Amino acid sequence: MTTTSAPFGSWPSPIAAADLAVSGHPISGGRYFGDGIWWLEQRPTEAGRYLVRRRDDAGEHDVLPAPWNARSRVHEYGGGSWAVTDDGVLVFVEFTDQRLYRLDPGSAEPVALTPAGRGFRFGELAIRDDRVIAVRENVGPSGEEEGPVTRDIVSVPLDGSAADDPDAIVSVVSGSDFLAYPRYSPDGTTLAWIAWDHPRMPWDGTELRVGALDADGRVASFDTLIGGPEESVLQPEWIDGASLFALTDRSGWWNPVRVTTGASADDVAGGEVTEVYRRDADIGGPLWQIGSGFYRVLPGGDLLAVSTVGGSELLRIGSDGATSAIDLPISSRVEIADLRDGRVLLTGAGATVPGGLRELDLATGDLRDIRLDVDDLPDARYLPQSRPLSFPVGDREVHAFVYPPTHPDYVGPEGELPPYVAFVHGGPTAHVSGGLSLTYAYFTSRGIGVIDINYGGSSGYGRAYRELLRGQWGIVDVVDTAAAMQGLADAGLADPGRLAIRGGSAGGWTVLACLTSTDVFACGASYFGVADLTGFAESTHDFESRYLEGLIGPAEDVALYAERAPINKVDGLSAPVLLLQGLDDRIVPPEQSRVFRDALLAKGIAHAYREYAGESHGFRRAETIIDATESELSFYGQILGFTPPGVPLLELWRP
């Protein structure tokens, strides 16, 4: 087979920006019901709405009709926005008003379950008897945060009686700033849940609490079994009336333990902890979305768990401690959605397979696709395979996944090294693990390499690695990202003069921080990135309102906040910047991008600014995804010196 030599970045590719949007429909969650399987699906072609779909013997069907949008805003990141009863009744959170609704089988119009105009938001839905169990967030009558935000675990009647009577909603328990994972004991007399308070984030420290329920279904008092400011506990699951499984990172890694609650439901004082499984790997992760599941209890007491060190694998942990790995082609963003009769619903992606919902037969090991994130994949020869690499930073390492330029018919000119783009994940407490991505393939199939970086502070490598960012945001992430890129160049894999960086949210912050404090990068693209710490602390939402105290330092240290913020370092910037921003973003408001744009104008630095109506934190509409992707590619071409075919020319402001 002959290949054609052409400049990196100019290779023709069959992967268009429209393919990322129109063909893509990200899948999350999964439930067995009757003879079918249900899941949540995002539709970029329908203004990014989330709908519930099902698959049964008759094929695939939309359960939730347009324009209904099953998306929770609890903590702004949501989670657990829908549930289904044993009778096939769908209960969901409608995005526009955050009320709970019920959709009966055969009905086209949902019925409200909670009142309008109260400022309630709901998440982590579950059905118990004739009631919906949920985490409730009360932000004020306007529906937007306008004062102190409170949260509790509630019980909502399924019959709709609370739609006109807020008092019909039972507040089961409160007593902390944040709550998650409500779990009723097998006999229904006791509740377990996870709680934490400002300024902690759930990966810093949480508590496992247990309380007996009174005749009205409320917890009158509770005991804290394990956890605290320096121990993160997640996902309690009852074993029997006197003990639970839970995940704790007291060993330095999230691992499962067994916790006793006491002799009976009337004696919940306990807290004796027994290790179930010990491994230097995380069975657990940062709780950005409530309701995340990292393990499931199998009949007989074995655990099915997702274990992560870099990539992820599925483990079966026996009640006797014996462990076996289950060989699967998926190793990225793996989550266990549901179990039934020896079958498991899993979501996740692999190095060569796209993300989506799959069913695993535990007896045979067979894995079948239920619904994938994309309808059509390009020829596999255009898809890069990731390679894990680590780069030294002092006496430690920074971890990354590298996706080289990949094309069956084109190579770069002899002696020319390819440009590379560093992808910086958000969070910053988050994780990437080398899965197949059409977004990455969009760039690599054109001759642009991609490196995905788990800088210090990322999850998936234990608590000590997560805590590298304590007080060091804007320092450790910058050093690690620059070191990884410089390591690529030093290894002769990338052109040191054509290194770019892109990231969203906290990743956008790292983009701006790298550009203003290093000379490694020729340009950068910030998707709704944080630029001004003081403004961010004053305007962001409650869930992250104290996050900066752990990432930067005390809020009273005005000088430190000013010194660390990229907006105050623009005098050290010369590289062009692309800024992309959603106008409905409540997490990183538009002013963050606008103030940086104004600073670029004042300094006379080449840049482009794109803002999108109807978009919030993360772009979900097809037209936005297409415009942002093509703008980014055109931007790189103009700055890094290549002409990408087939994309509109982005207009840059130049001095």
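Right, let's walk through the structure included here. The model shown is predicted, which means the values in this text are computed figures rather than measured ones. Residue positions are given per chain, counted from 1 along the sequence in the order it is written. Local features are withheld for residues below a pLDDT of 70 in this predicted model, meaning they are given only at 70 or higher, and side-chain atom pairs are given and counted only at 80 or more; totals for whole chains, interfaces and linings count all residues. Just so you know, side-chain values use all the structure's heavy atoms and leave hydrogens and water out.

**Examining the pairing of strand β34 (residues 449-454)**
The cut-off we apply is this: Per-residue accessibility, obtained with a 1.4 Å probe over protein chains only, is compared with the maximum for each type, and a residue is labelled buried under 20%, exposed over 50%, and partly exposed between these values. By definition, any uninterrupted DSSP run of H or I lasting at least four residues is a helix, any uninterrupted run of E lasting at least two residues is a strand, and each is numbered from the N terminus. Only strands joined by at least two bridges in the DSSP assignment are considered to pair. Handedness of a crossover: with both strands directed away from the viewer, a clockwise path from the first strand across the helix to the second marks it as right-handed.
Among the six residues that make up β34, six are buried, leaving the element largely enclosed by the rest of the structure. Burial along β34 is two-sided: G449, I451 and I453 and V450, D452 and N454, pointing in opposite directions, are all buried. Summarising the sheet, strand β31 (residues 396-403) and β34 pair through five bridges and their orientation is antiparallel. If you follow A400 over to β34, its bridge partner there is I453. Note: strand β33 (residues 420-424) against β34, five bridges, orientation parallel. Paired with F423 across the two strands is D452, which belongs to β34. Once you follow β33 into helix α2 (residues 438-444) and on to β34, the crossover reads as right-handed.

**Topic: the environment of L304**
Heads up, the rule is: We call two residues in contact whenever any of their non-hydrogen atoms come within 4.5 Å of each other.
Relative to the elements of secondary structure, L304 occurs in strand β23 (residues 303-309). Judged by its relative accessible area of 0%, L304 falls in the buried class. Between the alpha carbons of L304 and D87 there is a distance of 27 Å; along the sequence they are 217 residues apart. Sequence-distant contacts of L304, that is, excluding residues within four places in its chain, are made with F294, Y295, R296, L298, L314, L315, R316, I326, I336, L339, V344 and L362.

**Digging into the pattern of salt bridges**
We apply this condition: Salt bridge, as used here: a side-chain nitrogen of Lys or Arg that lies within 4 Å of a carboxyl oxygen of Asp or Glu.
For the structure on display, the rule yields 48 salt bridges. The closest approach of N and O atoms between D104 and R102, which form a salt bridge, is 3.0 Å. For D104, a relative accessible area of 28% puts it in the partly exposed group. On the accessibility criterion, R102 (15% relative accessible area) is buried. E137 serves as the salt-bridge partner of R151, at 2.8 Å between the closest nitrogen and oxygen. Taken together, the residues R151 in strand β12 (residues 150-157) and E137 in strand β11 (residues 131-138) connect sequence positions 14 residues apart. Among the charged side chains, a salt-bridge network with shared partners connects E41, R43, E46, R49, R53, E60, D62, R371 and D375.

**What to know about the packing of aromatic side chains**
Spelled out, the test is: Here a pair means two rings of Phe, Tyr or Trp (six-membered ring of Trp) with centres within 6.5 Å. Their orientation is stacked below 30 degrees between planes, edge-to-face above 60, and tilted elsewhere. Criterion for a charge above a ring: Lys NZ or Arg CZ within 6 Å of the ring centre, and within 35 degrees of the ring normal.
Scanning all chains against the criterion turns up 27 aromatic pairs. Look at Y403 and Y440: their rings are 4.7 Å apart centre to centre, the planes differ by 70 degrees, and that puts the pair in the edge-to-face class. Of the two residues, Y403 sits in strand β31 while Y440 sits in helix α2, which places them 37 residues apart along the sequence. Y440 shares its class with Y403; the two are buried. Judged by centre distance (5.3 Å) and plane angle (90 degrees), the ring pair of Y442 and F443 falls under edge-to-face. Here the two residues Y442 and F443 agree in accessibility, since each one is buried. One aromatic cluster in this structure is built from Y77, F178, W196, W203, W288, F543 and Y547. Above the plane of the ring of W82 lies R31, whose end atom (NZ or CZ) is 5.1 Å from the centre.

**Observations concerning the packing of helix α4 (residues 476-490) against helix α5 (residues 506-517)**
We count it as follows: Inter-axis angles, ranging from 0 to 180 degrees, are taken between N-to-C directions of lines fitted to C-alpha atoms, where helices are fitted over the stretch in contact. Roughly parallel covers angles under 35 degrees, roughly antiparallel covers those over 145, roughly perpendicular covers 65 to 115, and oblique covers all other angles.
Axis separation between α4 and α5 bottoms out at 9 Å; the angle between their running directions is 75 degrees. The angle between the axes of α4 and α5 places the two elements in the roughly perpendicular class. Of the residues in α5, those in contact with D477, V478 and T481 of α4 are W509, T510, A513, C514 and S517.

**Let's talk about the environment of G524**
Tracing the chain through its elements places G524 in strand β36 (residues 523-527). Ignoring sequence-local partners within four residues, the contact set of G524 consists of I501, V511, L515, P576, V577, L578 and F635.

**Focus: the sheet that holds β11**
Judged by pairing direction, the sheet is antiparallel, and its four strands sit side by side in the order β10-β11-β12-β13 without closing on themselves. Strand pairing shows two members of the sheet lacking a second neighbour, β10 (120-128) and β13 (170-173), which therefore form its edges. The sheet shows a mean angle of 35 degrees between the axes of neighbouring strands, direction not considered. One ladder, built from seven bridges, connects β10 with β11; its direction is antiparallel. In the sheet register, A126 faces β11, and the bridge partner there is I133.

**Let's talk about α5**
Rule in force here: Expected helix span is taken as 1.5 Å per residue step, with the number of steps being one fewer than the number of residues.
Its twelve residues place the ends of α5 16 Å apart at the C-alpha level, agreeing with the 16 Å of an ideal helix rising 1.5 Å per residue. Of all the twelve residues making up α5, eleven are buried; the element is thus mostly covered by neighbouring parts of the structure. Along α5, the residues classified as buried are A506, G507, G508, W509, T510, V511, L512, A513, C514, L515 and T516.

**Looking at the side chain of S634**
Inspection of the secondary structure puts S634 in helix α10 (residues 622-640). Its relative accessible area of 4% is what places S634 among the buried residues. Excluding residues within four positions of it along the chain, S634 makes contact with P644, V647, P648, L649 and L650.

**Overview of the environment of D452**
Quick reminder of the rule: In the analysis that follows, any N or O atom pair within 3.5 Å is treated as a polar contact, provided that within protein one partner can donate a hydrogen and the other can accept it, and provided that, for residues neighboring in sequence, both atoms belong to side chains.
Position of D452 among the secondary structure elements: in strand β34. Assessed through its relative accessible area of 3%, D452 is described here as buried. For the pair D452 and A422, spaced 30 residues apart in sequence, the C-alpha to C-alpha distance is 6.1 Å. Setting aside residues no more than four positions away along its own chain, D452 makes contact with H399, A400, F401, Y403, F423, V432 and Y440. At 2.4 Å, the side chain of D452 forms a polar contact with the side chain of Y440.

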